[in-house]
Amino acid sequence: MLYLAVDQHRKQLTVNLRDEAGDVILKRQISTEWKRVREFLDEVRNRSVSGGGVVTIVEICGFNDWFLKMLAEYGCREIVLVQPEKRSKNKTDRRDADGLGELLWTNRQRLLEGKKVQNVRRIVPPSPRDAEDRQLTAVRQRLGRLRTRTINRVQHLLLKHNLQQECPTKGLQTKAARKWLTKLELGMMDRLELDHLLSQWELYDKQIVELETRIGARQAENQAAVTIATIPGAGPYGSLALASSIGSVDRFRSARSLAHYWGLTPGCRNSGDATRRLGSITKEGSAMARFILGQIVVHILRRDGRMKEWFQRIKKRRGSKIARVAVMRRVATIIWHMLKHQQAYRLIGDNAPNDPRSACLLPDRNAFFEARQGRSNEDCGQDKKKLPRLRERGNRTSLTRP
């Protein structure tokens, strides 16, 4: 079997090919022209005819798609996608390809069996359906940012001439305000810029409406997205983006794994017997998923009383920013339980028959102490120490098992 490592760039591929013994038998740089790539893959395929195939490792980037399809077309046995590591001080394309090749050959058995390799973040390619949903929601996010940037530029023009106080409404995103902006008297260049901004604003609104229609139709066909949409604030766009980012929930062994996948777990720097050092969250996962969870948290804190109570306790100790991130991480674990057990999100105190959401339950204090009657004083003392821990553990999820 041959082991191929590829460091992919826009105009060239830096490759490193090893045999079964781990010896480098080929290393070169290849142009990304179709002819050159096909000639190289033909050469690799001819070398591997009697060796049992080729295993390829590639670092994930924004333009892997065409190359991954070509590798599958030429009969690559396994494609290992990994996330790039932190940049080294002695970085070259050849060193990167050689390091990937060494990583692949050293851990070939575990990678082929799909097992975890220490310090290697392997990427699971999404299904064609999830890939389309990810692209659709990414375009929606990008259009939203462009529209926000356009509105901010319009506000800057008004502030430039101190005209914001003459707006007929408090905000600019109303029909009355838009109509006022079209008739506003400004200098020649400012009027020209404002007209262009209003045209862009109108175009973005039209495109966003079209995208949201498509997103709504695809979200209704995705059972995971429909389940996530029961969370307050998770509309069709947010629920579809999170569902497509997760894919199959079965590939996450626990709720903690999903939180780590989205980069919501704290980094650490421990050494020897020193005090445990925890840092900020890793942010190694999907930035879009963290953005959407940040938006969902605002709505959850308004409607979920128990979650808000937990948020307030953390806020007093650590501040509002850390408390919000803590809620984001808890929502990620809740989403795992929701998808794993096919249950909707349930709010506390909502007992309407047409709304399956109910309480985010904590261990009942009275029932806890009633259960320990008749036990020894030593055991009771241990229970008092465990109670805060149990209450905290009960707060980790707002899902109650059936």
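Along each chain, residues carry numbers from 1 onward, in the same order as the chain's sequence is written. Residues qualify for local features only when their pLDDT is at least 70, as the model is predicted, and side-chain atom pairs are given and counted only at 80 or more; totals for whole chains, interfaces and linings, by contrast, use all residues. Derived side-chain values reflect all non-hydrogen atoms in the structure, with water molecules and hydrogen atoms excluded from consideration.

Draft legend 1. The arrangement of the sheet that holds strand β5 (residues 78–82) in detail. In this description, strands pair whenever DSSP reports at least two bridges between them. Starting at the N terminus, helices and strands are each numbered in turn, a helix being any DSSP run of H or I of at least four residues and a strand any DSSP run of E of at least two. Strand order in the open sheet formed by six strands is β3-β2-β1-β4-β5-β6, and the pairing between neighbours is mixed. In this open sheet, the two edge strands, each paired with only one partner strand, are β3 (24–31) and β6 (122–123). In terms of strand pairing, strand β1 (residues 2–8) meets strand β2 (residues 12–18) through six bridges, oriented antiparallel. By the bridge assignment for β2, Asp7 is matched with Thr14. Pairs of residues are marked as contacts when any of their non-hydrogen atoms sit within 4.5 Å. Interaxial angles span 0 to 180 degrees and are taken between N-to-C directions of axes, which are lines fitted to C-alpha atoms, for helices over the stretch in contact. Relative to the sheet, helix α2 (residues 65–73) contacts β1, β2, β4 (54–59) and β5, its axis offset from that of β5 by approximately 160°.

Draft legend 2. Representation of the pattern of salt bridges. Any carboxyl oxygen of Asp or Glu that lies within 4 Å of a side-chain nitrogen of Lys or Arg is treated as forming a salt bridge with it. Overall, the coordinates contain 24 salt bridges when judged by the stated rule. Notably, a salt bridge pairs Glu39 with Arg36, separated by 4.0 Å at the nearest N-O pair. Note that Glu39 and Arg36 are positioned in helix α1 (residues 34–47) at a spacing of three residues, about one turn of the helix. Buried, partly exposed and exposed residues are distinguished by accessible area as a fraction of the type maximum, computed with a 1.4 Å probe on protein chains only: under 20%, between the cut-offs, and over 50%, respectively. Under the relative-accessibility criterion, Glu39 is labelled partly exposed at 40%. Residue Arg36 is classed as partly exposed on the basis of its relative accessible area of 43%. Here Arg306 makes a salt bridge to Glu309, at a shortest N to O gap of 3.5 Å. With Arg306 and Glu309 both in helix α12 (residues 305–318) and three residues apart, this pair spans about one turn of that helix. Glu309 gets classed as partly exposed once you look at its relative accessible area, which sits at 37%. Overlapping salt bridges, with partners in common, bring together Arg18, Asp98 and Glu102 in one network.

Draft legend 3. Region of the structure containing the packing of helix α5 (residues 128–160) against helix α9 (residues 236–246). Packing of α5 against α9 leaves a shortest axis separation of 9 Å and a crossing angle of 140°. Comparing the axis directions of α5 and α9 gives the class oblique. Note on packing geometry: the crossing formed by α5 with α9 is left-handed. Contacts between α5 and α9 involve Asp130, Asp133, Arg134, Thr137, Arg140 and Gln141 from the first element and Tyr237, Leu240, Ala241, Ser244 and Ser245 from the second. Here the nonpolar group is Ala, Val, Leu, Ile, Met, Phe, Trp, Tyr, Cys and Pro; Asp, Glu, Lys and Arg are the charged ones; every other residue, Gly included, is treated as polar. Taken together, the residues of the contact of α5 with α9 sort by class into three nonpolar, four polar and four charged. Any angle that falls under 35 degrees is termed roughly parallel, while one over 145 is termed roughly antiparallel, one within 65 to 115 roughly perpendicular, and all others oblique. What makes a crossing left-handed is the near helix being turned counterclockwise from the far one by less than a right angle; a clockwise turn instead makes it right-handed.

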